[in-house]
Amino acid sequence: MPMSKVMPEVSPKVLSREIIVGVVVAILVIPAAFAADAKDQRGEDQAKRDQQAFCKYANEQAAAQRDLLMTPNAIAGVTQPNTGLPMQAVWGVSGSLSNVRKGVLTMDAARKNCELYNATASSQQDVQYALPTLEKHALQNRLALIQEASENLDTLFASTNKMVDAQNMTRPMAFALQTTKIKLDADRADTQSKIVALYTPQLSGRPVKDLLAEKQNREANEQKALDKLSRQNDWDVALSLGAHQQISPWVDSRGAYGEVTVSYNLASHAINKHLDQAANAYDDWKKVQEGDVVRNAEILQEQIVNGISVQDSRLKALQGEQKQIESNLQLVSSAETTAALDFRNQLTTAQLLLKIEIGDASFRFDQLREFLKRNF
């Protein structure tokens, strides 16, 4: 007998609540996910489109050259043999084994060229936008520090106003806090303007040293492919097949003919030696070429090292100032006079501003040091 499944009874109220929760989650999460995904992939998609467009161009150019090399040539003409035979008309096809091989190597060189372009573009983008990306992260951190300081200043401002109302402090003393608030707002606006002005595409996230190694490996592969293509000129086996017909005087003498020609370039040894030297010279040139990604990476490393030194000196100076403010705050921590309260407020506002600078310098120092350790 067929068995029937007993479905568990679900309360309409529970079912309705689950549906509502699911709809709310979908409304909140899905658009945010799509927005984040679109923002993160915008620069990456642009890079992919650039690489795909170049590879299509390179492959189409190579395919045209391949078809030219690998397709036999149709031949037709008139010849007068030098053995005293009558004039002949000839027609047929001719081809070259070397050209067939060149066609295969041409497509291989195009693929290696595409791989090199992709590796170069990725490494160049990561090197070019490394500092702007680090700067943007530092500015975003500074923005958070400004917000925290602003909230603390609001708390101090509220307590000061209460003391003004109780006539324990004067209004000019409270106005000094308002001046600090104006400075924070100006700093926030300036930081936001700098963030907006920075263009930072989506980077690969891979260490620069790995990107450079891959790029140099792709360069070596491309040079090997081009070297094989150039060496293919050392030898050739040409084939010709067709028919001939006597035309003067005209007689029915049609027949087939075939020809095989083997050739070898006597300068092949010297040519190949120069090709090897050219490959070595190319590697040496790319290492010192101004504008090449390897040279740009060396410049970036120097900038990072110098930046670490600058931020370290800045951080030490700010920490020294912080100690002085903390020692002064301890002196007036228990004072109740109006002058002491005013001085404590001044020290506290200075401490808030100094905390932003210390946090900014510390973040930049740690960020640069971590970047240097990970990428070089």
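Remember, it's a predicted structure, so these values are computed and weren't measured experimentally. (Residues numbered from 1 in each chain as written. Predicted model: local features only at pLDDT ≥ 70, side-chain atom pairs only at ≥ 80, totals over all residues. Heavy atoms only, no water.)

Asker: Looking at this structure, how should I read the sheet that holds strand 4 (residues 255-264)?
Answerer: By way of backbone hydrogen bonds, the strands of a sheet pair with one another, either parallel or antiparallel. The antiparallel open sheet is built from four strands, whose spatial order is 1-2-3-4. This sheet does not close on itself; its edge strands, each paired only once, are strand 1 (73-79) and strand 4. For this sheet the average axis-to-axis angle between neighbouring strands, irrespective of direction, equals 25°. Pairing analysis gives 10 bridges linking strand 2 (residues 87-96) to strand 3 (residues 235-248), with the strands arranged antiparallel. The partner of Gln88 across the bridge, within strand 3, is Gln246. (Pairing = 2+ DSSP bridges. Helix = DSSP H or I, 4+ residues; strand = E, 2+ residues; numbered from the N terminus. Axes fitted to C-alpha atoms, helices over the stretch in contact; angles between N-to-C directions.)

Asker: Where do I start with helix 5 (residues 208-231) in this structure?
Answerer: One full turn of an α-helix is made of 3.6 residues, so residues set three or four places apart face in the same direction. Between its first and last C-alpha, helix 5 extends 34 Å over 24 residues, near the 34 Å set by a 1.5 Å rise per residue. Along helix 5, the residues classified as buried are Val208, Leu211, Leu212, Lys215, Glu219, Asn221, Glu222, Gln223, Ala225 and Asp227. Summarising the contacts, the buried residues of helix 5 are in contact with helix 2 (97-128), helix 6 (268-288), helix 7 (293-331) and helix 8 (338-375). (Expected span 1.5 Å × (residues − 1). Buried < 20%, exposed > 50% of the residue type's maximum accessible area, 1.4 Å probe, protein only. Contact = heavy atoms within 4.5 Å.)

Asker: Would you mind showing me how to read the packing of aromatic side chains here?
Answerer: Any two aromatic rings considered together are summarised by their centre-to-centre distance and by the angle between their planes. Taken as a whole, this structure holds five aromatic pairs when the rule is applied. Arranged with centres 5.6 Å apart and planes meeting at 80°, the rings of Tyr129 and Tyr199 form a pair that is edge-to-face. Highlighted residues: Tyr129 in the loop between helix 2 and helix 3 (130-165) and Tyr199 in the loop between helix 4 (171-197) and helix 5, separated in sequence by 70 residues. Geometrically, the ring pair formed by Tyr282 and Trp285 is edge-to-face, given 5.7 Å between the ring centres and 65° between the ring planes. You can see Tyr282 and its partner Trp285 sitting in helix 6, three residues apart, about one turn around the helix. Assessed through its relative accessible area of 19%, Tyr282 is described here as buried. An aromatic cluster is built from Phe54, Tyr57 and Tyr117, whose rings are joined through pairwise contacts. The residue whose ring lies beneath Lys286 is Trp285, and the NZ or CZ to ring-centre distance is 4.8 Å. (Phe/Tyr/Trp six-rings, centres within 6.5 Å; stacked < 30°, edge-to-face > 60°. Lys NZ or Arg CZ within 6 Å of the ring centre and 35° of its normal.)

Asker: Sorry if this is basic, but what is going on with the confidence of the model for the protein chain here?
Answerer: Caution applies to low-pLDDT regions: their predicted coordinates should not be interpreted in detail. Averaged over every residue, the pLDDT of the protein chain is 84; residues scoring 70 or more account for 85%. Within the model, the stretch residues 1-40 combines pLDDT values under 50 with four contacts to residues more than four positions away or in other chains. (pLDDT = per-residue confidence, 0-100.)

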